[in-house]
Amino acid sequence: LGYSVAPGVCDKDGISASVLFADLAAHAKDSGTDVIGRLEELYRRHGLWVSTQRRVVRPGTEGAAELAEPMERLGASPPETLGDVTVAGFTDFRIGAEGRPRYLAATPLVALDLGAKGRVLVRPSGTEPKLKIYVDLTTELVAGDTLAETEQRLLGQAEELAGIVVERLGLG
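Along each chain, residue indices are assigned from 1 in the same order as the chain's sequence is written. This being a predicted model, a pLDDT of at least 70 is required before a residue's local features are given, and a value of 80 or more before pairs of side-chain atoms are given or counted; all residues contribute to the totals for chains, interfaces and linings. Excluding hydrogens and water, the side-chain values take into account all heavy atoms of the structure.

Undergrad: Can you help me understand the overall build of the protein chain in this one?
TA: A count of helical and extended segments in the protein chain gives 4 helices and 7 strands. Each helix corresponds to a stretch of at least 4 residues labelled H or I by DSSP, and each strand to a stretch of at least 2 residues labelled E; elements are numbered beginning at the N terminus. When the helices and strands of the protein chain are placed in sequence order, the string is α-α-β-α-β-β-β-β-β-β-α. Relative to its length of 172 residues, the protein chain is extended, with a C-alpha radius of gyration of 20 Å against a globular reference of 16 Å. By principal-axis analysis of the C-alpha atoms, the protein chain measures approximately 55 × 45 × 35 Å. Under the scheme applied here, a residue whose accessible area is under 20% of the maximum for its type counts as buried, over 50% as exposed, and between as partly exposed, the area being computed with a 1.4 Å probe on protein chains only. When burial is assessed residue by residue, the protein chain has 31% of its 172 residues classed as buried. Between the two quantities, the radius of gyration covers C-alpha atoms and the globule rule is 2.2 Å times the number of residues to the power 0.38.

Okay, here's the thing in structure tokens:
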């Protein structure tokens, strides 16, 4: 992966990103911390985010057809809850593109908004008979919480939600 880190670099570039990261590490060291400590400061200020992905694969052209039906059901009847998490909103990006900015064109994607907790995105693969479920969750880090424990707990919740979505779609 490359990163576009400054206006002077006209393309994604791993070398400039590495130089910038080394500069960040030196600045953190001069401030009496390290990059992990700096990252934890940011998590404490802005919240910790974790992401997980679940893939459901069905082989062949029959598999692609089998995965299209759950997407239709999800679009027609989004869940109100996923386990004990309330679904606060829903966007079916397959429809309504004329009311969105041009960069949000119609695309086979359904988003479930979990409010302040995060989101779930469901979309088919563009190249294989596969349905992808992305779960992004966030939480605050509070005094006494360790980053590693909080991250593992939140990641476990994200993986559990992904499993609930798979079951809800009838693909478990």
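Here the narrative resumes, following the displayed structure.
Undergrad: Looking at this structure, I do not really get the pairing of strand S7 (residues 130-139). What am I missing?
TA: Consecutive residues of a regular strand have side chains that alternate between opposite faces of the sheet. Of all 10 residues in S7, 8 are buried, a share of seventy percent or more. Whether two strands pair comes down to DSSP finding at least two bridges between them. As judged from the 10 bridges shared by strand S1 (residues 48-57) and S7, these two strands associate in the antiparallel manner. Counted as the bridge partner of Leu 48 is Thr 139 from S7. Relative to S7, strand S6 (residues 118-124) runs antiparallel, the two being bridged by 7 bridges. Pairing of Pro 124 across the sheet is with Leu 131, part of S7.

Undergrad: Just to check I follow, could you spell out the pattern of salt bridges for this structure?
TA: Two side chains with opposite charge may pair up if their charged atoms get near one another. Salt-bridge detection follows one rule: a side-chain nitrogen of Lys or Arg within 4 Å of a carboxyl oxygen of Asp or Glu. Applying the stated criterion across every chain, the model contains 8 salt bridges. Residue Glu 40 pairs with Arg 44 through a salt bridge whose shortest N-O separation is 2.9 Å. A residue pair is termed a helical-turn pair when its members lie 3 or 4 positions apart in one helix, as Glu 40 and Arg 44 do in helix H2 (residues 35-46) at 4 residues. With a closest N to O distance of 2.7 Å, Asp 136 and Arg 119 form a salt bridge. Of this pair, Asp 136 sits in strand S7 while Arg 119 sits in strand S6, placing them 17 residues apart in sequence. Put simply, Glu 72, Asp 92 and Arg 94 are held in one network by salt bridges that share partners.

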